[in-house]
Each structure stands twice: as structure tokens, then as C-alpha cells.
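Okay, here's what each chain looks like letter by letter:
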Amino acid sequence: MKKVYGSASEALDGLLSDGMLIAAGGFGLCGIPELLIDAIVESGVKDLTVASNNAGVDDFGLGKLLATRQIKKMMSSYVGENAEFMRQYLSGELELEFNPQGTLAERMRAGGCGIPGFYTKTGVGTMIAEGKEVKQFDGEDFILERGIFADLSIVKAWKADDTGNLVFRKTARNFNPPAAMCGKVCVAEVEEIVPRGALDPDAIHLPGIYVHRIVQGDHEKRIEQRTTRKREEA
Amino acid sequence: MPWDRNQMAARAAQELEDGWYVNLGIGIPTLVANYVGDKDITLQSENGMLGMGPFPYEGEEDPDLINAGKQTITELNRTSYFDSATSFGMIRGGKIAAAILGAMEVAENGDLANWMIPGKLVKGMGGAMDLVAGVGRVIVVMDHQNKAGESKVLKACTLPLTGTGVVDRIITNLGVLDVVEGGLKIVETADGVTEDDIRAATEATIV
């Protein structure tokens, strides 16, 4: 089966529909599928629900899909960097479902593993628990959280082989593996596609069974908070 | 004299024990890393890293290497990387010995509020709810009062909660308090601050 596509638009061809649920990898602007997001903007698909830890910034990442009003609802843990997001949310134009960060990651992982729900103590006694089943285990309260089963996953990796085996780089791994796992179809954009056999089988972070389409491209990889220290004088 | 930000961070660093895996929040908690001295402490960053190093030298920033505050950082020779589900597995699973984090309000029963001001500030809880529910010990570092001079150490939180009954110890500019049966117990006062000063600045019950 051919998994390698020539462009992000080609890789998404036939996969997009209005009202669909998309799981996106990335943390802040680190390890985000920036090329696939741009291609979704171009496609014009609308009323999307997007599960992603963050919502990009105004002019980069998922912020672009917010600017074009293609997103109806976000499932996120932290959206503090995006002024347009805040405006749309406070005016009621955008739905927002806050998920604790670990709960969001586990909901994706669970969905990818065929697990429809799990109990966690995260959020017990807070707003997050409202309307959710509470169950006691060994005298302690836990709340029921649902697995996420997405229509489409979009992720960013460092390297892939043509069978879809993925390797991530440093903290750009973040939400990408669980996001990839929970979609019916997963499209991965990578910095480099290497020949079959070039990746060490013991060092593959996500096996190709989870990855259906791959596209290679140039990434801007924007830095959100550039922090440095001074060199000590010799 | 009440403690300044660095003195609060230095005091918080005394809480950490050799061999611990620790998660530090944004703000004053980040400064705690500067005061751990010779102790063997491994810092976790919940976006997927154990063994977080200092900020990079200028020109050596790597967009693929950031902490949970989205700041560029560096790795150490002990560092490991993993995905977010694994990261919160170790947090939820109680493998992280302690979290040091900031707060908007803390109540005498250990309730914590630090993620939302309804109608004003809607950023999200990030990993805070998972951390306070999962780690071994929760230590809050914050100013004792807000800018209007009102106590942030309360009988009951007024803001949406991050967790219920989760805080073990509070380190403020005035001193150190523990959450105990019936209220808060003063453990230590900052130099020149008296227990009466702390009582006067605190709405919560002090036992």
C-alpha cells in the first residue's frame, strides 16, 4: 500500500468533511502539523471539532483555522496564547470543552486502544466533574472520562519510512502519538522520509500500523517563548 | 522583612529530598531549580521530558525542545523523552514525588484554585488538575495577599477549584503553613515576621 503523498493537500484528499472530529498533535507551537493545518484552511471544510492541547497563536497553527471560522468546537487544556480564540469564545461563537491535559492525552490514547472510558481522580470535586459518573474504588472517588474516537488524526513527526513508522524529536513528540492512535485515518507530516530499513526497529516511537498517509515538507517550527541564559565569562 | 521571590524559591527548594522526581510550575516555582544545590533532583516537564536542563545559550535554542511553559530549554546527560499520555501516566500514577506550583487561592482544607477567573481569565488548567491529583506532595508557593491586600489563604476558595483537599504545604512571602486537621498550622515565619503578622494577614483558621 502506498502511503507517501506529494503534498499536504494530496495527503488529505477525500478525507475531509464538514462537522468532522479531528485530533491534532502538538504542544504549544512545538511539533504541530503546520502543513496539514494550512491545507485544511485551503480546503474550506467547516464546522470542525478539533481535539488539541492548545489552539495555536493568532497567525500560526490552529489559530489559522480559528481565523477563518472553520472550527466550531475545541477540546483543549490550555488556550491562553490566542486572542482571537478568546474573542470568539467570550462572544459565544466558539464552543470550548476544557479537558485536564493528562485526561485529554489519556482520552486519545484510550480511543486508539479501543477503550471507550476510564476512571481518573483528576478533576474530582471540580467543574470538570460536573455531569460525569463518580465511582469509588478502595474508598476513593474517581470520575468517568470517555475515550476519543476521531474521524481524522493529523500529526507531525521528525522522520518516517515509507511504511509509516515514525520517529519524533525531543519534546516535539508530546501529543503526537496519542493523537495519531485515536483517528480512523492518520495523516503524518514529517521532515524527512528515509528508505525502508534506515530506522532502527528498536527505536521507532510509533509503528506504521497507526499511520495511513505521509507527506514530507519544510517546516517553519516557530518558537513561542525564546528564553536563553548568558554565557559565563571565562 | 517578608521573603522576596528568590527567598521563597530558596525556601521551597529545602522541601525537596535527594533522589526525588519533581514537577515545577510556572513563575516563582521555576526559580526553585536555582536553589537545589547538591541534591540529586530530576525535573519533569509534563509535555514529555524527565531531566530538564537550564535555558540554552543564545543561538542554541531548539524549537523541538521546550518546557511546559513553552520556553526553550536544554537536555542533560540523564534526559529521557516520552509522549504526553506516558507523561501523565507517571503523574497520575504517583511516580512524581512532589509538585511545586503557584496559586490564586488556597483554602484551609487544602482546596486549591489556580486556573480560572470566571468572565475574566479563561486560559485553561493545562496539567495542573492532573498534577495536584496525582503527585505525592503538593507545595504551593505564592504571595500571602493579593495586590489589593486581601488574603489569598482562605476559609474556602471562591474561584473554580483545581483540586479538593490536595495542598500539603503553603510557602508565602510571610512564612510556611501546613494544612492540618481543623485548619492551618504555622511551621515557620520569614525573618522579622511574627506569627501575629501571619494571623493578621490570613483569613483562614490558624490552629
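What you are looking at is a predicted structure, and each value in this text was computed from that prediction instead of being measured. Each residue is numbered by its place in its chain's sequence as written, counting from 1. Think of it this way: whatever chain is written first is A, whatever ligand is written first is 1, and the rest follow in order. Owing to the predicted nature of the model, reporting of local features is limited to residues with pLDDT of at least 70; listing and counting of side-chain atom pairs is limited to 80 or more, with chain, interface and lining totals taken over all residues. Calculation of side-chain values draws on the structure's entire complement of heavy atoms; hydrogens and water are dropped beforehand.

Draft legend 1. Region of the structure containing unusual backbone geometry. In this structure, K221(A) is a non-glycine residue whose phi angle is positive, near 50 degrees. Within the secondary structure, K221(A) is located in the segment after β12 (213-216). In this model, K70(B) sits at a positive phi of 70 degrees, which is unusual for a non-glycine residue. If you trace the backbone, K70(B) turns up in the loop between β3 (49-52) and β4 (75-81). Overall, the relative accessible area of 4% leaves K70(B) in the buried class. Numbered from the N terminus, helices here are DSSP runs of H or I no shorter than four residues, and strands are runs of E no shorter than two. Only protein chains enter the calculation, and the probe is 1.4 Å; a residue is then buried if its accessible area is under 20% of its type maximum, exposed if over 50%, and partly exposed in between.

Draft legend 2. Geometry of the packing of aromatic side chains. Note on ring pairs: Phe, Tyr and Trp rings are taken, using the six-membered ring of Trp, and paired if centres are within 6.5 Å. Classes follow the plane angle, with under 30 degrees stacked, over 60 edge-to-face and the rest tilted. If you walk through the whole model with that rule in mind, you get 3 aromatic pairs over all chains. Between the aromatic rings of F137(A) and F142(A), the centroid separation amounts to 5.5 Å while the plane-to-plane angle is 85 degrees, which identifies the pairing as edge-to-face. According to the relative accessible area criterion, F137(A) is partly exposed, its value standing at 33%. The exposure class assigned to F142(A) is buried, which follows from its relative accessible area of 17%. The rings of Y119(A), F137(A) and F142(A) are connected pair by pair, giving a single aromatic cluster. Placement of a charge over a ring requires the Lys NZ or Arg CZ to be within 6 Å of the ring centre, with the centre-to-atom vector within 35 degrees of the ring normal. Residue placement shows K159(A) over the ring face of W158(A); its charged tip is 4.4 Å from the ring centre. In this structure, K70(B) is placed above the aromatic ring of F27(A), and the distance from its NZ or CZ to the ring centre is 4.9 Å.

Draft legend 3. Layout of the interface of chain B and chain A. Contacts are assigned to residue pairs that have any heavy atoms within 4.5 Å of one another. Listed by partner, the interface residues are 47 residues for chain B and 51 residues for chain A. By convention, the term buried area covers the 1.4 Å-probe accessible surface removed from two parts as they join, with the contributions of both added. For the pairing of chain B and chain A, the buried interface totals around 4,300 Å² over both sides, and the portion due to carbon and sulfur atoms is 59%. The three residues of chain B that bury the most area against chain A are Y57(B), D64(B) and K70(B), which together make up 19% of that side's buried surface. Each reported salt bridge corresponds to a side-chain nitrogen of Lys or Arg within 4 Å of a carboxyl oxygen of Asp or Glu. Between chain B and chain A we count 7 salt bridges in total. Whenever two N or O atoms come within 3.5 Å, that pair is a polar contact, provided that in protein one can donate a hydrogen and the other can accept it, and provided that, for residues adjacent in sequence, both atoms are side-chain atoms. Linking chain B to chain A there are 29 residue pairs in polar contact (both at pLDDT 80 or more). Put simply, the parts of the chain that give the side of chain B that touches chain A at least two residues each are β4, α3 (84-92) and α4 (128-134) of chain B. Counted by class, the side of chain B that touches chain A contains 21 nonpolar, 14 polar and 12 charged residues. Side-chain classes are defined by residue name, with Ala, Val, Leu, Ile, Met, Phe, Trp, Tyr, Cys and Pro counting as nonpolar, Asp, Glu, Lys and Arg as charged, and the others, Gly among them, as polar.

Draft legend 4. Region of interest: helix α5 (residues 101-112) of chain A. Expected helix span is given by 1.5 Å per residue-to-residue step, counting one fewer step than there are residues. Look at α5(A): 17 Å from first C-alpha to last across 12 residues, which is about the 16 Å you get at 1.5 Å a residue. The buried fraction of α5(A) amounts to 10 of the 12 residues, a majority that puts the element mostly inside the structure.

Draft legend 5. Quick peek at the layout of surface pockets. Taken as a whole, the second largest pocket spans an internal volume of roughly 210 Å³. Cavity means a closed set of points on a 1 Å grid over the protein atoms alone, one where a 1.4 Å probe fits but cannot get out, pocket means an open set with protein on both sides within 12 Å along at least 5 of 7 lines, and lining means a residue has an atom within 4 Å of a point. Looking at the second largest pocket, it is lined by 13 residues, and the ones nearest its centre are K121(A), E140(A), A133(B), T164(B) and V166(B). Listing elements by their share of the lining of the second largest pocket, those giving two or more residues are β8 (140-146) of chain A together with α4 of chain B. Examining the composition of the lining of the second largest pocket, we find that 3 residues originate from one element, α4(B), more than from any other. Looking at the lining of the second largest pocket, its residues break down into 5 nonpolar, 5 polar and 3 charged. Grid points are joined across faces, edges and corners, and a volume is the space filled by probe spheres set on the points.

Draft legend 6. Quick look at helix α4 (residues 83-90) of chain A. Inspection of α4(A) places F85(A), M86(A) and Q88(A) among the buried residues, and these make up the whole buried set. Along α4(A), the residues classed as buried sweep out an arc of 170 degrees about the axis, all on the same side. More than 90 degrees from the buried face of α4(A), the exposed residues found are A83(A) and L90(A). Where α4(A) is buried, its residues meet α3 (63-67), β4 (71-76) and β5 (95-98) of chain A together with β9 (121-122) of chain B. Its side-chain oxygen placed 3.2 Å from the backbone nitrogen of E84(A), N82(A) serves as the N-cap of α4(A). This arc describes the spread of directions from the helix axis toward the C-beta atoms.

Draft legend 7. How the structure looks around empty space enclosed by the protein. Going through the model one piece at a time under the given rule, you end up with 3 cavities of 30 Å³ or more. In this structure, the largest cavity encloses a volume near 60 Å³. Classifying every residue of the lining of the largest cavity gives 6 nonpolar, 7 polar and no charged.

Draft legend 8. The pattern of salt bridges, seen in detail. Residues and elements named next belong to chain A. On inspection of all chains with the given rule, the structure shows 30 salt bridges over all chains. A salt bridge links E220 to R222; its shortest N-O distance comes to 2.9 Å. When its relative accessible area of 47% is taken as the criterion, E220 is described as partly exposed. Among the residues examined, R222 registers a relative accessible area of 25% and is labelled partly exposed.

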